[in-house]
Amino acid sequence: MTVYPKKYDVIVIGGGHAGVEAALAAARIGCSTLLLTINFDSIAQMSCNPAIGGLGKGQMVREIDALGGEMGKAADLAGIQFRMLNTKKGPSVWSPRAQCDKKFYQFHLKSVCERQTNLDCKQGSVSRLIVRNDQVYGVETDFGVAFHGETVIITTGTFLQGLMHLGKKTERGGRSGDPAAMALSDSLRDVGLKLGRMKTGTPPRLSKRSIDFSRTQPQSGDHPPPFFSYWKEDLFHMEREKQSVGALPSSVCQFPAGSILRQIGHQLDCYTTHTTEMTAKIVQENLNQSPVYSGAIEGIGPRYCPSIEDKIVKFPEKEFHQIFLEPEGVATDEIYVNGLSTSFPYALQLELVRSIHGCEQAEIVRPAYAVEYDFVNPTQLDLSLEVKSCQNLFLAGQINGTSGYEEAAAQGLIAGINAARRVHDLEPVLLGRDQAYIGVLIDDLTSKGTLEPYRMFTSRAEFRLMLRQDNADQRLSRLGYEVGLLSKPQYERVDKKTKAIQSELRKLEITFDGTDSLLKILRRPEVKYRDLGVNIAKLDGEVISQVEMIAKYSGYIERQASEIDRSKKTESKQIPFSIDYIKIPNLRTETRQKLAAQRPATLAQASRVSGVSPVDVQMIAVYLRNFNQT
């Protein structure tokens, strides 16, 4: 075995969306960081839909951006269509989404990683962890090279024992074209982790010129486009971008310098269509050829992104299912068929595609397939995403049972921050459910676990009115600045915006029009800020939007703030890791077993463990009061 001569502070295994955020965060905080990936050409590849954001997910991307992460910036640069979803409902569920040019997105983030100070990127497949006395010290690759590090973050996505299915044909791999990580699962079991199997899938890609779009409905982007990043002034500053790439020729500089929209001058349309009676008939008559229904696939698939087989079988009353035809980029004719995920054999896939309105003559460029892979039950992690049974080892992304780029990136960012803080002997960053969707995500995973790929929705957050996509910068940028991921000017920009909002709300409260204050008038549903006439100030559009929203929803916001205060009293009650649940009187055996296995950090976390009742939590609280007095 060869020992690499450089020792790292942080080693990140896997170059997907979680790995990129983890590696960039650790390096920017000042740690010498290594990013090890199976295929160096596939860093940040959008393996499935080339889109970022959506319901609940868009909020997380804005939170990643507010903390100093990279996903939102990359989406803004690579976006070919932008939309704000759910605008017919209240602002608590508005969610930004961007259809991206997948190659632009990938190459941009690969470039960012390659040029990041303190970050080395290398190609290699990790075969085992180097562990002594329940503490990780590094990794060893298939080529027999050992890399030593203070901390290790595993972000392997769908590559752990990855097995791809297309009909009866199977092939080892984490995704089409890339090999699986076959040996690392055993090393994880050796450190005491329990693994399971999950499954995900992807639809076929079609040739654009073979589709009759006249039989579909166009779906246009919003104007102006709702970008993700709060730092647009920095992001779209052409000269700064050119300086960052040094002496490269100007033709090369143009690629990362501005967004796709700047280059093409408009947004591209997506299109909607639907399945037919023939689609359902093909599925129903051939279920025995689907690996999901033949028993060939053991892993549990995503509930909220089901295959077409699942849709037809589980919802037989539906006459048709909606299908979205989405471009994969500007310089490609590939169309992503959102809603037609399948693992049927190729011949049946062609029949399915051609049963859809507008796709009667369509040609498949890349067939669909399913992939099953190993994951780790996330209840075996702390809120910091560190493995409970092995010190300095962190897990992030689909290895923790999640589904989606955004969930992966959010975990990667937090794991990267906490690994770096471990190196610097600092307390970990633990986001609460009242602070961020990222906090909801990690708390759900570590306290409840998951038996199917976890996907974020706005409905998962009990304080979603406070966790809006428009105020993520005010909620989290101070933390991003304190951990070292945001610059002082960036934080001061948010601070100035926050003070402007507060100042204007105070002014409206003490300024009257007749017997009513302007703030009270603005609370009326039909009144806009501009309707206040001569009394309005010349404010930034984002400030005006916040003032309007806070005014109109002030009653709900105050009520939710009170709920947060009450929940914090429970959340703050810590449960010692060493507590012996057997000694707590009147707890049910099932409760004792689950709490002993999961080791929740607080009473609030204990209350969210499956099978733990409010009475159980009360018993623990009483015991803790006596425990703390002894």
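Refer to the structure printed above.
Treat the numbers as computed from the prediction; the structure is a model and nothing was measured.

### Some points on the sheet that holds strand 5 (residues 79-85)
Here's step 1: Taking strand neighbours across the sheet as the criterion, the three strands line up as 4-6-5 in an open arrangement whose pairing is antiparallel. Strands at the two margins of the open sheet, each flanked by one partner only, are strand 4 (51-53) and strand 5. Neighbour-to-neighbour, the strand axes of the sheet open up by a mean angle of 15°, direction not taken into account.
Here's step 2: Relative to strand 6 (residues 95-100), strand 4 runs antiparallel, the two being bridged by three bridges. When the bridges of strand 6 are listed, Ile52 appears paired with Ala98.
Here's step 3: Against the sheet, helix 3 (residues 71-78) touches strand 4, strand 5 and strand 6, its axis set at about 115° to strand 5.

### Structural notes on helix 14 (residues 405-423)
Here's step 1: Taking 1.5 Å of rise per residue, the 19 residues of helix 14 would be expected to cover 27 Å, and the 27 Å separating its terminal C-alpha atoms lies within 8% of that figure.
Here's step 2: Counting buried residues along helix 14, 17 of its 19 residues qualify, which places the element largely inside the surrounding structure.
Here's step 3: Taken from the residues just after helix 14, Asp425 is the one with a positive phi, measuring 55°.

### What about the packing of aromatic side chains?
Here's step 1: The final tally for this structure, using the stated rule, is seven aromatic pairs.
Here's step 2: An angle of 40° between the planes, with centres 5.0 Å apart, marks the rings of Tyr4 and Phe147 as tilted. One end of the pair, Tyr4, is in the loop between strand 1 (2-3) and strand 2 (8-13); the other, Phe147, is in strand 10 (residues 145-154), with 143 residues separating them in the sequence.
Here's step 3: By relative accessible area, Phe147 is classed as buried at 6%.
Here's step 4: Ring centres of Tyr481 and Tyr491 lie 5.2 Å apart, and the angle between their planes is 0°; this geometry places the pair in the stacked category.

### Considerations on the sheet that holds strand 12 (residues 169-172)
Here's step 1: Strand order across the open sheet formed by four strands is 12-11-20-13, with antiparallel pairing between neighbours. Since the sheet does not close on itself, it has two edges, and those belong to strand 12 and strand 13 (195-202), each with one partner. Going across the sheet, the axis of each strand differs from the next one's by a mean of 25°, ignoring polarity.
Here's step 2: Summarising the sheet, strand 11 (residues 163-166) and strand 20 (residues 369-376) pair through three bridges and their orientation is antiparallel. Its bridge partner lying in strand 20, Met164 is registered against Val371.

### Here we look at the environment of Ala27
Here's step 1: One can find Ala27 in helix 1 (residues 17-29).
Here's step 2: Under the relative-accessibility criterion, Ala27 is labelled buried at 1%.
Here's step 3: If we ignore the near neighbours within four places in the chain, the residues touching Ala27 are Thr33, Gln116, Thr117, Asn118 and Leu119.

### A closer look at the pairing of strand 12
Here's step 1: Sheet topology note: the strand 11/strand 12 ladder contains four bridges and is antiparallel. Opposite Leu166, over in strand 12, you have Lys169 as the bridge partner.
Here's step 2: Where strand 11 folds back onto strand 12 in an antiparallel hairpin, the turn is made up of two residues, including Gly167, whose phi is positive at roughly 65°.

### Points about the pairing of strand 8 (residues 126-132)
Remark: a regular strand shows side chains that alternate across the two faces of the sheet.
Here's step 1: Sheet topology places strand 8 next to strand 9 (residues 135-141); six bridges connect them, and they run antiparallel. Bridge assignment links Leu129 to a residue of strand 9, and that residue is Val139.
Here's step 2: In sequence, strand 8 turns back onto strand 9 through a hairpin of two residues, with Asn133 there showing a positive phi of about 55°.

### A short note on the packing of helix 1 against helix 14
Here's step 1: Look at helix 1 against helix 14: their axes get within 7 Å of each other, and the N-to-C directions meet at 30°. Considered as vectors, helix 1 and helix 14 are oriented roughly parallel to each other. In this structure, the crossing between helix 1 and helix 14 has a hand that is right-handed. Residue-level contacts link His17, Ala18, Glu21, Ala22, Ala25, Ala26 and Ile29 of helix 1 to Tyr405, Ala408, Ala409, Gly412, Leu413, Gly416, Ile417 and Ala420 of helix 14.
Here's step 2: Classifying every residue of the contact of helix 1 with helix 14 by side-chain character gives eleven nonpolar, three polar and one charged.

### A look at the side chain of Ser42
Here's step 1: Following the sequence through the fold, Ser42 ends up in the loop between strand 3 (33-37) and strand 4.
Here's step 2: The class for Ser42 is buried, based on a relative accessible area of 8%.
Here's step 3: A distance of 3.2 Å separates a polar atom in the side chain of Ser42 from a polar atom in the side chain of Asp178.
Here's step 4: Look past the residues within four positions of Ser42 in its chain and what remains in contact with it is Gly15, Gln106, Arg175 and Asp178.

### Topic: the packing of helix 2 (residues 57-67) against helix 16 (residues 472-483)
Here's step 1: Where helix 2 contacts helix 16, the two axes come as close as 7 Å, and the packing angle between them is 35°. For the element pair helix 2 and helix 16, the recorded crossing hand is right-handed. Seen from helix 2, the contacting residues are Arg62, Glu63, Ala66 and Leu67; seen from helix 16, they are Ala472, Asp473, Arg475, Leu476, Ser477, Leu479 and Gly480.

### Thoughts on helix 16
Here's step 1: Here helix 16 is twelve residues long and its end C-alpha atoms lie 16 Å apart, about the 16 Å a rise of 1.5 Å per residue gives.
Here's step 2: Buried residues of helix 16: Ala472, Asp473, Arg475, Leu476, Ser477, Leu479, Gly480 and Val483, and no others.
Here's step 3: The positive-phi residue at the C-terminal boundary of helix 16 is Gly484, with phi of around 105°.

### Some thoughts on the pattern of salt bridges
Here's step 1: Enumeration over the complete set of coordinates arrives at 33 salt bridges.
Here's step 2: Where Arg433 meets Asp444, a salt bridge forms, and the shortest distance between an N and an O atom there is 2.8 Å. One end of the pair, Arg433, is in the loop between helix 14 and helix 15 (437-448); the other, Asp444, is in helix 15, and eleven residues separate them in sequence.
Here's step 3: One connected set of salt bridges, linked through shared partners, spans Arg433, Asp443, Asp444, Lys448, Glu462 and Arg608.

The rules behind these values
Residues numbered from 1 in each chain as written. Predicted model: local features only at pLDDT ≥ 70, side-chain atom pairs only at ≥ 80, totals over all residues. Heavy atoms only, no water. Pairing = 2+ DSSP bridges. Helix = DSSP H or I, 4+ residues; strand = E, 2+ residues; numbered from the N terminus. Axes fitted to C-alpha atoms, helices over the stretch in contact; angles between N-to-C directions. Contact = heavy atoms within 4.5 Å. Expected span 1.5 Å × (residues − 1). Buried < 20%, exposed > 50% of the residue type's maximum accessible area, 1.4 Å probe, protein only. Phe/Tyr/Trp six-rings, centres within 6.5 Å; stacked < 30°, edge-to-face > 60°. Parallel < 35°, antiparallel > 145°, perpendicular 65-115°, else oblique. Left-handed = near helix turned anticlockwise from the far one by under 90°. Nonpolar A, V, L, I, M, F, W, Y, C, P; charged D, E, K, R; others polar. Polar contact = N/O pair within 3.5 Å; in protein donor to acceptor, adjacent residues only side chain to side chain. Salt bridge = Lys/Arg side-chain N within 4 Å of Asp/Glu carboxyl O.

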